[in-house]
Amino acid sequence: MNRPGVTVVIPCYNYGRYLPEAVNSALSQENVDVDVIVVDDASTDGSAAIAWRLAAADPRISVVHHGRNQGHIATYNDGLSRARGRYVTLLSADDVIAPGALGRAVALMEANPRVGMVYGLPKDFVDQLPPVALGGRTTWTVWEGSRWIALACARGRNFILSPEVVMRTETVLSIGAYSASLPHSGDLEYWLRAAASWDVGRINGPVQAFYRVHGSNMHQTEFAAAAVDLQHRLEAFRVLEDARFPITPEKRVRQLRRAKGALSKEASHLAAREVTRGGSLETAVELRKFIECLQDVPGNIHRANALQARITRVSRGGRPGPAQSAAEYVRSQLDRVRWRVWAMTGIS
């Protein structure tokens, strides 16, 4: 009785073949009352007909159909604006909510009124969903929003994949819409805005969502280049330049500087990896240009010059020395450790 309501918004563009699985994963959640809003963005594969058929079979499902394609950001915003539940989650039509995930996320927020969004562990899959371990240990982590922002800036990363996030509808209404100017890093900018006014929670232990990996994924088709990805992340962190961002000006300046420094170091490491492994020198050059754009980061001139020297040496037939190969090996091992830490804690 009186179970918390969760609206699951499912934006869909030509993912009709996956839609029934996504919808079913939402409707089968326990300990919450779920309603589903499918927003079809003028699909050409019959997705709307599939959505309407599903809605005819279950009154918990409603369908919004766009007469013309508006893009994923407008589709997100349209669906979120229609949320009726106390909580809301955005689920791509090709992804799947893990069993029990919504109940776990809602329980955390019910116990912590200051938490505005909750995330957890996502798991990749291709065709068949991997088996889910039942009865494992579940714990919570809650960060003050300002602390979570500081951690994100220190790493220059987005710790959240996306389908595993559940938010208070009140939070969504208070922070406003996704930014249409950030088609790739809009999620990161959105999480930063949410954390500026609300605390952030994480479910530790069980898988919270399944992320489908295939050739049509946006990040694989439109945003494959490393330098482009870094640039989009930088643009998301620039929300800290907005005077309306609800932290002190001194903190905003300090955190943005930390984010730029982290992005610069990551660009340097990625470029070094390309050079050391005999990869694309063009990619390394683009990464060097990205570093040069961050003129206010201490040490960036030296970092860019050192990288250019390595690029020039390899372009003339030189080979990476033992020290450079050893450094790359150490970085690759650290990446493995960071991934494991992220899987356990949600922060890396």
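Bear in mind the structure is a predicted one, so any value in this text is a computation, not a measurement.

(A) Structural view of the overall build of the protein. The secondary structure content of the protein amounts to 13 helices and nine strands. Its C-alpha radius of gyration of 21 Å places the protein within 12% of the 20 Å reference for a compact globule of 348 residues. Long-range pairs, those at least 24 residues apart, make up 81% of the contacts in the protein with a sequence separation of at least 6. Carbon and sulfur atoms make up 53% of the accessible area of the protein, which totals about 16500 Å². Of the charged side chains in the protein, 42 are positive and 34 negative; the average position of the first set lies 8 Å away from that of the second.

(B) Spatial organisation of a nonpolar patch on the surface. On the surface, Y329, V330 and L334 cluster together into a nonpolar patch covering about 300 Å² of accessible area. Checked against the element boundaries, L334 lands in helix 13 (residues 322-345).

(C) Here's a closer look at the pairing of strand 3 (residues 61-65). The pairing of strand 2 (residues 33-40) with strand 3 spans five bridges and is classified as parallel. Bridged to V36 within strand 3 is I61. Traced from strand 2 through helix 2 (residues 47-57) to strand 3, the parallel crossover comes out right-handed.

(D) Focus on the packing of helix 1 (residues 19-27) against helix 2. As a packed pair, helix 1 and helix 2 sit with axes 10 Å apart at the nearest point and diverge in direction by 35°. Crossing of helix 1 against helix 2: the hand is right-handed. Across the interface between the two elements, L19, P20 and V23 of helix 1 pack against S47, I50, A51 and L54 of helix 2. For the contact of helix 1 with helix 2, the per-class residue count stands at six nonpolar, one polar and no charged.

(E) Focus on empty space enclosed by the protein. Per the counting criterion, the structure on display carries two cavities of 30 Å³ or more. For the largest cavity, the calculated volume is near 80 Å³. Along the walls of the largest cavity sit L80, V88, T89, L90, S162, V165, M167, V172, Y178, Y190 and W191, which together make up its complete lining. Of all the secondary structure elements, the ones that give two or more residues to the lining of the largest cavity are strand 4 (87-90) and helix 7 (186-197). Among the elements that make up the lining of the largest cavity, the one with the highest residue count is strand 4 (three residues). Tallied by class, residues from the lining of the largest cavity come to nine nonpolar, two polar and no charged. Contributing to the lining of the second largest cavity are T89, I97, A101, L102, P163, E164, V165, V166 and Q208.

(F) Region of interest: unusual backbone geometry. A positive phi angle, close to 55°, is found at A42, a residue other than glycine. Summarising the element assignment, A42 is placed in the loop between strand 2 and helix 2. For S162, which is not a glycine, the phi torsion comes out positive at approximately 140°. Note on placement: S162 falls in the loop between helix 5 (145-155) and strand 8 (166-168). Using a relative accessible area of 16% as the deciding quantity, one classes S162 as buried.

(G) Representation of the packing of aromatic side chains in the model. Inspection of the entire model under this criterion finds nine aromatic pairs. Ring geometry for Y119 versus W143: centroids 6.2 Å apart, planes at 15°, classification stacked. Pair noted here: Y119 is in strand 6 (residues 115-125) and W143 is in strand 7 (residues 139-143), with a separation of 24 residues, a long-range link. According to the relative accessible area criterion, W143 is buried, its value standing at 12%. Look at F125 and F210: their rings are 6.4 Å apart centre to centre, the planes differ by 90°, and that puts the pair in the edge-to-face class. Pair noted here: F125 is in strand 6 and F210 is in strand 9 (residues 199-212), with a separation of 85 residues, a long-range link. Each of the two residues, F125 as well as F210, counts as buried.

Basis of the calculations
- Residues numbered from 1 in each chain as written.
- Predicted model: local features only at pLDDT ≥ 70, side-chain atom pairs only at ≥ 80, totals over all residues.
- Heavy atoms only, no water.
- Helix = DSSP H or I, 4+ residues; strand = E, 2+ residues; numbered from the N terminus.
- Rg over C-alpha atoms; globule rule 2.2 N^0.38 Å.
- Contact = heavy atoms within 4.5 Å.
- Areas by Shrake-Rupley, 256 points an atom, 1.4 Å probe, with all protein chains shown as cover.
- Lys, Arg positive; Asp, Glu negative; His and termini not counted.
- Charge placed at Lys NZ, Arg CZ, Asp CG, Glu CD.
- Patch = residues over 30% accessible without salt bridge, like charges linked within 9 Å, V, L, I, M, F, W, Y side chains within 5 Å.
- Salt bridge = Lys/Arg side-chain N within 4 Å of Asp/Glu carboxyl O.
- Pairing = 2+ DSSP bridges.
- Right-handed = clockwise from strand over helix to strand, strands pointing away.
- Axes fitted to C-alpha atoms, helices over the stretch in contact; angles between N-to-C directions.
- Left-handed = near helix turned anticlockwise from the far one by under 90°.
- Nonpolar A, V, L, I, M, F, W, Y, C, P; charged D, E, K, R; others polar.
- 1 Å grid on protein atoms, 1.4 Å probe; cavity = no way out; pocket = protein on both sides within 12 Å on 5 of 7 lines; lining within 4 Å.
- Points joined across faces, edges and corners; volume = space filled by probe spheres on them.
- Buried < 20%, exposed > 50% of the residue type's maximum accessible area, 1.4 Å probe, protein only.
- Phe/Tyr/Trp six-rings, centres within 6.5 Å; stacked < 30°, edge-to-face > 60°.

Shape descriptors only; they carry no functional weight alone.
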